[in-house]
Amino acid sequence: MSAFQLEPWLQSRGARVEALLADRLRRVEAAPRRLVDAMGYSLLAGGKRLRPVLCLAFAEAVRGGVPGKAAEDAACALEYEAMAILAGDALLTEAFALLGTGPEPRRAELVSRLAHAAGAVGMVGGQVLDIAEDRPAEEAYLTRLHRAKTGALLRAACTLGAVAEGGTPAQVEAAERYGDAVGLAFQIADDLLDVTSSAEAMGKPTGADAAAGRHTYPAVLGLEASRARAHVLVEEALGAVRTLEPTPGPLAALARYSVERST
């Protein structure tokens, strides 16, 4: 059996996300043109689109086919959240308007889950932990910080896809465990790349964390222990979705991709 080809799959799903975002932005065409242009500039600037891609991947796995409109709206709303700081409150509130508009009863749960992931115990709370002047050099603190700051929305990306397609409690729990493990693995890999990669390879300056005196996984655990921790997390993610994806496909490939960037 040939290995799943992640790159072409990512390209096709990324293109689908771009098309969905452009389509959903038409909902606000009645707004002042300058505001619409600013929202579009932020929203359609490209990027990895990992959160919406994960959302659609879990929706596809649960549905067993092309995701429905609720899952597509959830994928777009996740990306609105990620870009909201750049375009202000307009994208933030439109994310919830988009997610809450539709006949599917489960949209209320989608809104609740996204709000929880973005708020005080999620992304916002994690940002506060990140800028604390007295943050300790402890793995437990780093894990708490990153599970909230970046992990909460990534977990939401996975669970929203499953919930949108009527996933069972076991499927939603599997999505949450997968998202939690991949989110932390991805962060550890980023920390490793900041230490071991070059600015040319990364496409951005490296060494910023050390220069700013920020504690990272390599600084607290060491390079090899950080790599080992990331690989354990990937195995946890793979185990979580083994029933949902019996034949390794996009979910397994994305889990491995989260750390293979740093090796």
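## Quick word on the nonpolar core
Point 1. The biggest cluster of nonpolar side chains holds 74 residues, and the ones touching the most others in it are Leu 54, Phe 58, Leu 78, Tyr 80, Leu 160, Tyr 178 and Leu 254.
Point 2. If we skip the residues at most four places from it in the chain, Leu 160 touches Cys 55, Ala 74, Leu 78, Leu 99, Leu 110, Arg 113 and Leu 114.

## A word on the pattern of salt bridges
Point 1. The full count for this structure, using the stated rule, is 21 salt bridges.
Point 2. The salt bridge partner of Glu 72 is Arg 16, with a shortest N-O separation of 2.8 Å. Separated by 56 residues along the polypeptide, Glu 72 in helix H4 (residues 69–87) and Arg 16 in helix H1 (residues 6–25) bring together distant segments of the chain.
Point 3. Across the pair Arg 26 and Asp 23 runs a salt bridge, and its minimum N-O distance is 3.1 Å.
Point 4. One salt-bridge network, in which partners are shared between bridges, spans Arg 16, Asp 23, Arg 24, Arg 26, Lys 69, Glu 72, Asp 73, Glu 104 and Arg 107.

## Re the packing of helix H7 (residues 123–131) against helix H8 (residues 139–149)
Point 1. At a minimum axis separation of 6 Å, H7 and H8 run at an interaxial angle of 140 degrees. As far as their axial angle goes, H8 and H7 are oblique. In this structure, the crossing between H7 and H8 has a hand that is left-handed. Facing Met 123, Gly 126, Gln 127, Leu 129 and Asp 130 of H7, the residues of H8 in contact are Tyr 141, Arg 144, Leu 145, Ala 148 and Lys 149.
Point 2. Partitioning the contact of H7 with H8 into residue classes produces 5 nonpolar, 2 polar and 3 charged.

## Digging into the side chain of Gln 187
Point 1. Position of Gln 187 among the secondary structure elements: in helix H10 (residues 169–196).
Point 2. Residues within four places of Gln 187 in sequence aside, it is in contact with His 146, Thr 150 and Tyr 217.

## Brief notes about the packing of aromatic side chains
Point 1. Counted under the stated rule, the structure contains 2 aromatic pairs.
Point 2. Between the aromatic rings of Phe 4 and Trp 9, the centroid separation amounts to 6.1 Å while the plane-to-plane angle is 65 degrees, which identifies the pairing as edge-to-face.
Point 3. By relative accessible area, Trp 9 is classed as buried at 9%.
Point 4. Between Phe 58 and Tyr 178, the ring centres sit 5.1 Å apart and the planes meet at 70 degrees, which makes this aromatic pair edge-to-face. Of this pair, Phe 58 sits in helix H3 (residues 50–63) while Tyr 178 is found in helix H10, placing the two residues 120 residues apart along the sequence.

Cut-offs applied
- Here the residue numbers are simple positions, counted from 1 along each chain's written sequence.
- Since the coordinates come from a predicted model, pLDDT governs what is reported: local features require at least 70, and pairs of side-chain atoms require 80 or more to be given and counted, while whole-chain, interface and lining totals use all residues.
- As a convention, hydrogens and water are excluded, and side-chain values are obtained from all of the structure's heavy atoms.
- In this text, buried Ala, Val, Leu, Ile, Met, Phe, Trp, Tyr and Cys residues form a nonpolar core when linked through side-chain atoms within 4.5 Å.
- The buried label applies to any residue whose accessible area, calculated with a 1.4 Å probe on protein chains only, is under 20% of its type's maximum; exposed applies above 50%, and partly exposed to all values in between.
- In what follows, a contact means two residues having at least one pair of non-hydrogen atoms within 4.5 Å.
- Only one rule defines a salt bridge in this text: a Lys or Arg side-chain nitrogen within 4 Å of an Asp or Glu carboxyl oxygen.
- Helix and strand assignments follow DSSP, with helices taken as H or I runs no shorter than four residues and strands as E runs no shorter than two, numbered in order from the N terminus.
- Axes here mean lines fitted to C-alpha atoms, for a helix over just the part in contact, with angles spanning 0 to 180 degrees between N-to-C directions.
- Any angle that is under 35 degrees is reported as roughly parallel, and any over 145 degrees as roughly antiparallel; angles of 65 to 115 degrees are reported as roughly perpendicular and all others as oblique.
- Less than a right angle of anticlockwise turn of the near helix away from the far helix marks a crossing as left-handed, whereas a clockwise turn marks it as right-handed.
- Just so you know the grouping, Ala, Val, Leu, Ile, Met, Phe, Trp, Tyr, Cys and Pro go in nonpolar, Asp, Glu, Lys and Arg go in charged, and all remaining residues, Gly too, go in polar.
- Note on ring pairs: Phe, Tyr and Trp rings are taken, using the six-membered ring of Trp, and paired if centres are within 6.5 Å. Classes follow the plane angle, with under 30 degrees stacked, over 60 edge-to-face and the rest tilted.

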